[in-house]
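A look at the structure
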Amino acid sequence: MKLVAEKLTKRFNSFTALDNVNFKLEGKGCFGYLGPNGAGKTTTMKIFTTLLRPTSGQALVNDVDVIRNPVEALKYVGALIEDPEPYSFMSVEEFIDYAAKIRGKGTPDIQALKEKLDLPDLKRRCSKLSKGQKRRVFLAAILAQDPEIMILDEPSAGLDPAESVIFRNLILQFKKERMIFLSSHLLYEVNHVCDYVYFINKGRIVAQSDVESLSKKFVSNAIRVEFNSSVEEKAIKQLTEEGIANRYEKESDTVYLIVFDGKNETRSKILEKLLPLGVRTVSDSSLALEKAYLELISGKEEKGDA
Amino acid sequence: MQFTTMFYVYLKSYFRSKRFLVIFPIYILLSSLSVILYFAGVVPKPSDVYSYTSEALTNFVFATSLAAGVFAGDAISRDFSREGFFTLTQPISRARIFVSRLLAALAVCVIVIFSDFYLVGISFGYYLFGQVIPNIYILIGLGLFFVFGVVSFALLFSSIFKSQLVSGIVTTLVLWFVMPTISGILQFVNIEPWFLLNYAGSAVQAVAKNTYPPHYQEIVVPNGTSKITLHLYNPTVPEAVAIIAFYSIISIIAGIIIYKRRELKEI
């Protein structure tokens, strides 16, 4: 299982959507592709699925060039790009069956897929489904095709929170057996499901890292503290005046983000001071990736491991 | 296997579409009109099987053009919608998809056209006169080939335009209005419209006639004090076949090239 981008460049007239992008994904697992809107995520995924042609460079799927040999390259890939539409004239069952048959996979176990993905009524026409249902049907169709590589472009975009949870759990299952290449702007989603992340901005890869070390770097020096009731800001400010905390951000009357040197003893000191004020919850900042991401896209580009 | 599966699915999409449910009965009704009027005593019995069959095929070119516009006009452009995110990411060459769509559109057009213009026309002619025209096989063969040419041409437009609606409308307009208008204008300037597909289609009706009309006729029409000379051309059968073949080959090749190069930028 391998996806390789070699000097991948895509221009739309004078606009450069991808600028000399290089990466190499190999083996099972989930690879995140993060970037703001217009960064080049979908363009990359469309090139790997032959929906777009690169201006220069190569996109290789298991060493097969997607432009020179699209049919062979796509044999390994199941793709969910943007907001796909299952054939409206087909029922759910027919669509999944068709997806399997055109790849020569024979009749799929649709009932098992229904249970796994919580699919709607199998006899229902695809045109009558909600957006979330269509996505699940589409995912079922991809699973029926049993590809070794899944390219998922913002898979949970536009879904309600419950559907997003279902999707994330599915990806956690899929990545045990397959390579997942997943683009998202939902950082907590990437943090949750991905093993490795590429940051892309303005068509260029600006950083890459495994999620664990990235989280450590940016998470360990901030905690979010939620109080039972509103607290006076000067009590928090005192932490910075005493030199225990570097700075703080007031998120609401009851929630503060406190940035410190990252040491465990400093963390303990801070909590010691705050507990008498009525602390409800303390968590490491879940904004860690967002922070890294924002720093990166604001121009502080990093090379190699972040 | 892959090809058959696709063909079957595309054909099914037509049979389940509202346009099929609307157009098919309308075509049946229109082609049966002469039969209905005959039994109602409104029109007299045609003089012979030739004139009857020829009359029955009067609107064949128009009917074929409309059917092709409606059914084949969006056969390819549908892939430039969100459906394309599925179709075009499958390991199937676009040439294969194109051909399977062409055959599905052809099949539905043949069903629509032949089940009324031909089936009603020929069977009722047989009922009235106890015979069919001797050229029946040429009539059917040429008719089928013409439908193939028109559907191929429609698929070319379908691969050019991104919007399903636009491609359907443009296809129908070109076949219904642009080509007939050019043919009409050329009658005044004595140029044989050998480069128009609808010109080739007129051979289908000509085959049904008792005597095949001459290749060229000059008709002088009085217009007040002056006269207008009309130059009427009728294609020979080989000429019609050549025109249809030319349109089909060029349309299919160009259509496949455009389709293969088409990118799904924004939808």
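Residues numbered from 1 in each chain as written. Chains lettered and ligands numbered in written order. Predicted model: local features only at pLDDT ≥ 70, side-chain atom pairs only at ≥ 80, totals over all residues. Heavy atoms only, no water.

Concerning the sheet that holds strand β4 (residues 56-61) of chain A
All names here are of chain A. The 4 strands lie next to each other as β2-β1-β4-β5, forming an open sheet whose pairing is antiparallel. Looking at strand neighbours, the two that pair on one side only are β2 (15-26) and β5 (64-65), the edges of this open sheet. Of the pairings in the sheet, the one linking strand β1 (residues 2-12) to β4 comprises 5 bridges and is antiparallel in character. Note that in β4 the partner of Val4 across the bridge is Leu60. Helix α1 (residues 41-48) contacts β1, β2 and β4 of the sheet and is inclined by roughly 115° relative to β1. (Pairing = 2+ DSSP bridges. Helix = DSSP H or I, 4+ residues; strand = E, 2+ residues; numbered from the N terminus. Contact = heavy atoms within 4.5 Å. Axes fitted to C-alpha atoms, helices over the stretch in contact; angles between N-to-C directions.)

What to know about the environment of Lys7 of chain A
Residues and elements named next belong to chain A. By the secondary structure assignment, Lys7 is in strand β1. Separated by 250 residues in the primary sequence, Lys7 and Leu257 place their C-alpha atoms 40 Å from one another. Beyond its immediate stretch of four places on either side in the chain, Lys7 contacts Asn20, Val21, Asn22, Ser56 and Gly57.

A look at the sheet that holds strand β9 (residues 196-201) of chain A
All names here are of chain A. Pairing within the open sheet is mixed, and its 6 strands lie in the order β6-β7-β8-β3-β9-β10. Only two strands of the sheet have a single neighbouring strand rather than two, namely β6 (77-80) and β10 (204-210). Strand-to-strand, the axes of this sheet are offset by a mean angle of 15°, without reference to chain direction. Of the pairings in the sheet, the one linking β6 to strand β7 (residues 149-153) comprises 4 bridges and is parallel in character. Bridging across to β7, Leu80 finds its partner in Leu152. Contacting β3 (29-34), β7, β8 (179-184) and β9, α1 crosses the sheet at an angle of about 145° to β8. Against the sheet, helix α5 (residues 131-145) touches β6 and β7, its axis set at about 175° to β6.

Things to note about the pairing of β1 of chain A
Residues and elements named next belong to chain A. By the bridge criterion, 8 bridges tie β1 to β2 in an arrangement that is antiparallel. Residue pairing across strands places Val4 opposite Lys24, the latter belonging to β2. Linking β1 to β2, which pair antiparallel, is a turn of 2 residues; within it Asn13 sits at a positive phi near 55°.

Looking at the side chain of Ser184 of chain A
Residue placement: Ser184 of chain A occurs in strand β8. Apart from residues no more than four positions distant in its own chain, Ser184 of chain A is found in contact with Tyr33, Leu34, Gly35, Lys41, Glu154, Glu189 and Val190 of chain A.

Quick word on the domain arrangement of chain A
If you check the domain split of chain A, you get domain 1 (2-217) and domain 2 (220-286). For domain 1 of chain A and domain 2 of chain A, the distance between their C-alpha centroids amounts to 39 Å. (Domains from an automatic or database assignment.)

Concerning unusual backbone geometry
Excluding glycine, a negative phi dihedral is what most residues carry, and trans is how most peptide bonds are arranged. All names here are of chain A. Backbone geometry places Thr50, a non-glycine residue, at a positive phi of 65°. Within the secondary structure layout, Thr50 lies in the loop between α1 and β4. Backbone geometry places Glu154, a non-glycine residue, at a positive phi of 45°.

Details of the interface of chain B and chain A
Contact residues are listed per partner, giving 30 residues for chain B and 32 residues for chain A. A combined buried area of about 2,800 Å² lies between chain B and chain A, and 58% of that area is made up of carbon and sulfur atoms. Contact with chain A buries surface across chain B, with Phe85, Phe86 and Pro91 of chain B losing the most and accounting together for 24% of the total. Where chain B packs against chain A, one counts 3 salt bridges. The tally of links from chain B across to chain A stands at 16 residue pairs in polar contact (both at pLDDT 80 or more). When contributions to the side of chain B that touches chain A are tallied by element, the ones reaching two or more residues are α1 (2-15), α5 (84-87), α6 (94-129) and α10 (237-261) of chain B. Broken down by element, the residue count for the side of chain B that touches chain A peaks at 7 residues, all from α1 of chain B. Split into classes, the residues belonging to the side of chain B that touches chain A amount to 9 nonpolar, 8 polar and 13 charged. (Buried area = accessible area lost by both parts, 1.4 Å probe. Salt bridge = Lys/Arg side-chain N within 4 Å of Asp/Glu carboxyl O. Polar contact = N/O pair within 3.5 Å; in protein donor to acceptor, adjacent residues only side chain to side chain. Nonpolar A, V, L, I, M, F, W, Y, C, P; charged D, E, K, R; others polar.)

Re the state of the cysteines
Disulfides are covalent bonds that link the sulfur atoms of two cysteine residues. Residue and element names in this part refer to chain A. Counted by the stated rule, this structure contains 0 disulfides over all chains. Cysteine Cys30 is unpaired, with the sulfur of Cys194 as its nearest cysteine sulfur at 3.4 Å. According to the relative accessible area criterion, Cys30 is buried, its value standing at 0%. Exposure remark for Cys194: the relative accessible area of 6% places this residue in the buried category. (Disulfide = S-S within 2.5 Å. Buried < 20%, exposed > 50% of the residue type's maximum accessible area, 1.4 Å probe, protein only.)

Some details on the packing of aromatic side chains
For the structure shown, the criterion picks out 39 aromatic pairs over all chains. Ring geometry for Phe153 of chain B versus Phe157 of chain B: centroids 4.9 Å apart, planes at 85°, classification edge-to-face. On the criterion of helical spacing, the pair formed by Phe153 of chain B and Phe157 of chain B is a turn pair, its members being 4 residues apart in helix α7 (residues 136-160). The pair Phe153 of chain B / Phe157 of chain B is uniform in exposure class, with both members buried. The structure contains a cluster of three or more aromatic residues connected by ring pairs, namely Phe23, Tyr33, Phe48, Phe181, Tyr196 and Tyr198 of chain A. The residue whose ring lies beneath Arg94 of chain B is Tyr259 of chain B, and the NZ or CZ to ring-centre distance is 5.9 Å. (Phe/Tyr/Trp six-rings, centres within 6.5 Å; stacked < 30°, edge-to-face > 60°. Lys NZ or Arg CZ within 6 Å of the ring centre and 35° of its normal.)

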